[in-house]
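Residue-level listing of the chains:
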Amino acid sequence: MDNLAHGLVGAALGEAGLKEKTGLGMATLILAANLPDIDVLGLFFNENLAWRRGWTHGPVAMLILPPLLVAAMVAFDRWQAKRGKRPPARLPLHVGWLFALAYIGWFTHPLLDFFNTYGIRLLMPFSDRWFYGDTLFIIDPWLWSALAIGVWLSRHRRRRQATAPRIPAQASLALVAGYAALMGASSVAAERIATQAVEARGLGPVRTAVSSPAPVDPFRRDIVVATADSYVFGELRWTPAPVLKLSDQVVPTNMDDPAIEAARREKHMADFLYWSRLPFATIERHADETIVRITDARYSSGATAGRFGEVVKLSPDQAGGAGDRP
């Protein structure tokens, strides 16, 4: 999920009562909830897909990153105290609770990332397998709204010294958990309906089906059904009644073309294929070059390239003479 969502989860947990356990409790929760995204530093080294949602989201990072955050919080508190800048209203630091909050905040991050279709390698570096929840769109304004309102109402109650200030934040967390559960069940049901429809057309057997949550609209799913060597795209709407519309076009993957192996030798293409879940290629052969475009079906309608894709231009020698083929 996006970092605003991660930060709001940390803030909601704090307002739900956890920030009262120790000084710097809220800061620890919010920072820990975003800590795995430290892998964005890979961009400075010309790395992205091969680094993202990997080891910083896995078990080794779980052992390393939260303790480092706790050490930073303790050092910051002591630095402020030494300079006479420590706020007098701040609670004393409780290192045990700082550890607990750092781990709670950190754990919410891979949990949220698992919910979308982008994928997360939960077991890195022991396994590079990608896991997918297909539950929430990567940017979900309904999740933002529920958490932000809960945080604001709890803070407002605290300022007014009203009773039970934790309740709005606790309610927002419960609401988001219920929303995620319903969205997950919706995706599972959509995948089952789409699989049955494709098999009824005689296009099976179905290798997998992916139901992607749509932006803003929780009652719509973008559908991709993968058969042995092709994809069928569609859309399912739950309201006012469940309606599945599948495209008549069957899009070949072309992933067994010999030009794919040549394209894979380029680092940016190898990284893309490492990340890709449902790749398909379009290949243009000319006398002097072969152009390979690979897109991920999760982010494409089949007719268009979509938001995620890579292009490699191969010489006839690189393509093994493919450029001379008709």
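Counting of residues starts from 1 at the beginning of each chain's written sequence and follows it residue by residue. Predicted model: local features are reported for residues with pLDDT of at least 70 only, side-chain atom pairs are reported and counted for 80 or more only, and whole-chain, interface and lining totals are derived from all residues. Hydrogen atoms and water are omitted, and side-chain values are computed over all heavy atoms in the structure.

Caption draft 1: Local environment of the nonpolar core. One finds Met 1, Leu 136, Leu 143 and Leu 147 to be the most contacted residues of the largest nonpolar core, which totals 22 residues. Of all the secondary-structure elements, those providing two or more residues to this core are helix H1 (3-15), helix H2 (25-34), helix H4 (95-114), helix H5 (141-159) and helix H6 (167-200). Per-element accounting of this core gives the leading share, 6 residues, to H1. Contact definition: two residues touch when any of their heavy atoms are within 4.5 Å. With residues near it in sequence (within four places) discarded, Leu 147 still touches Ala 5, Leu 8, Val 9, Ala 12, Ser 172, Leu 173 and Val 176. Throughout, nonpolar core names a set of buried Ala, Val, Leu, Ile, Met, Phe, Trp, Tyr and Cys residues whose side chains join them through atoms within 4.5 Å. Between buried and exposed lies partly exposed: a residue is buried under 20% and exposed over 50% of the maximum accessible area for its type, with that area taken using a 1.4 Å probe on protein chains only. Secondary structure follows DSSP: runs of H or I at least 4 residues long count as helices, runs of E at least 2 residues long count as strands, and numbering of each begins at the N terminus.

Caption draft 2: Region of interest: the environment of Tyr 179. On the secondary structure map, Tyr 179 appears in helix H6. Of the residues examined, Tyr 179 reaches a relative accessible area of 18% and is grouped as buried. For Tyr 179 and Pro 218, which are 39 residues apart along the polypeptide, the C-alpha to C-alpha distance reads 9.6 Å. Apart from residues lying up to four places away in sequence, Tyr 179 is in contact with Leu 136, Asp 140, Trp 142 and Pro 218.

Caption draft 3: Up close: empty space enclosed by the protein. Only protein atoms enter the 1 Å grid used here. Points where a 1.4 Å probe fits but cannot escape make up a cavity, open sets with protein on both sides within 12 Å along at least five of seven lines make up a pocket, and a residue lines them when an atom lies within 4 Å of a point. Grid points are joined across faces, edges and corners, and a volume is the space filled by probe spheres set on the points. What the rule picks out here adds up to 1 cavity of 30 Å³ or more. By volume, the largest cavity amounts to about 40 Å³. In terms of lining, the largest cavity is formed by Phe 137, Asp 140, Pro 141, Trp 142, Tyr 179, Met 183, Pro 213, Ala 214, Val 216, Asp 217 and Pro 218. Taken together, the elements giving at least two residues each to the lining of the largest cavity come down to H5 and H6. Only Asp, Glu, Lys and Arg are considered charged in this grouping, and only Ala, Val, Leu, Ile, Met, Phe, Trp, Tyr, Cys and Pro are considered nonpolar; every other residue, Gly among them, is considered polar. Looking at the lining of the largest cavity, its residues break down into 9 nonpolar, no polar and 2 charged.

Caption draft 4: Local environment of the sheet that holds strand S6 (residues 290-296). In this description, strands pair whenever DSSP reports at least two bridges between them. Spatial ordering of the open sheet is given by S5-S6-S7, a layout of 3 strands whose pairing is antiparallel. Only two strands of the sheet have a single partner each, and these edge strands are strand S5 (279-285) and strand S7 (309-314). If you compare each strand with its neighbour and ignore which way they point, the axes differ by 15 degrees on average. Contacts from helix H8 (residues 267-275) reach S5, S6 and S7 within the one sheet, and its direction differs from that of S7 by about 140 degrees. Helix axes are fitted to C-alpha atoms over the stretch in contact, other axes to C-alpha atoms as well, and angles between N-to-C directions run from 0 to 180 degrees.

Caption draft 5: Representation of the packing of aromatic side chains. By convention, a stacked pair of Phe, Tyr or Trp rings (six-membered ring in the case of Trp) has centres within 6.5 Å and planes under 30 degrees apart, an edge-to-face pair has planes over 60 apart, and any other such pair is tilted. By the definition in use, this model includes 9 aromatic pairs. Ring geometry for Tyr 231 versus Phe 280: centroids 6.1 Å apart, planes at 75 degrees, classification edge-to-face. With a gap of 49 residues between them, Tyr 231 in strand S3 (residues 230-237) and Phe 280 in strand S5 connect regions that are remote in the sequence. The class for Tyr 231 is buried, based on a relative accessible area of 1%. Arranged with centres 6.2 Å apart and planes meeting at 65 degrees, the rings of Phe 233 and Phe 280 form a pair that is edge-to-face. Residue Phe 233 is found in strand S3, and its partner Phe 280 is found in strand S5; the two are separated by 47 residues along the sequence. We classify Phe 280 as buried; its relative accessible area is 5%. Taken together, the ring pairs connect Tyr 118, Phe 272, Trp 275 and Tyr 299 into an aromatic cluster. Positioned above the aromatic ring of Tyr 132 is the side chain of Arg 277, whose terminal nitrogen or guanidinium carbon lies 3.8 Å from the ring centre. Consider the ring centre and the ring normal. A charge sits over the ring if Lys NZ or Arg CZ is within 6 Å of that centre and within 35 degrees of that normal.

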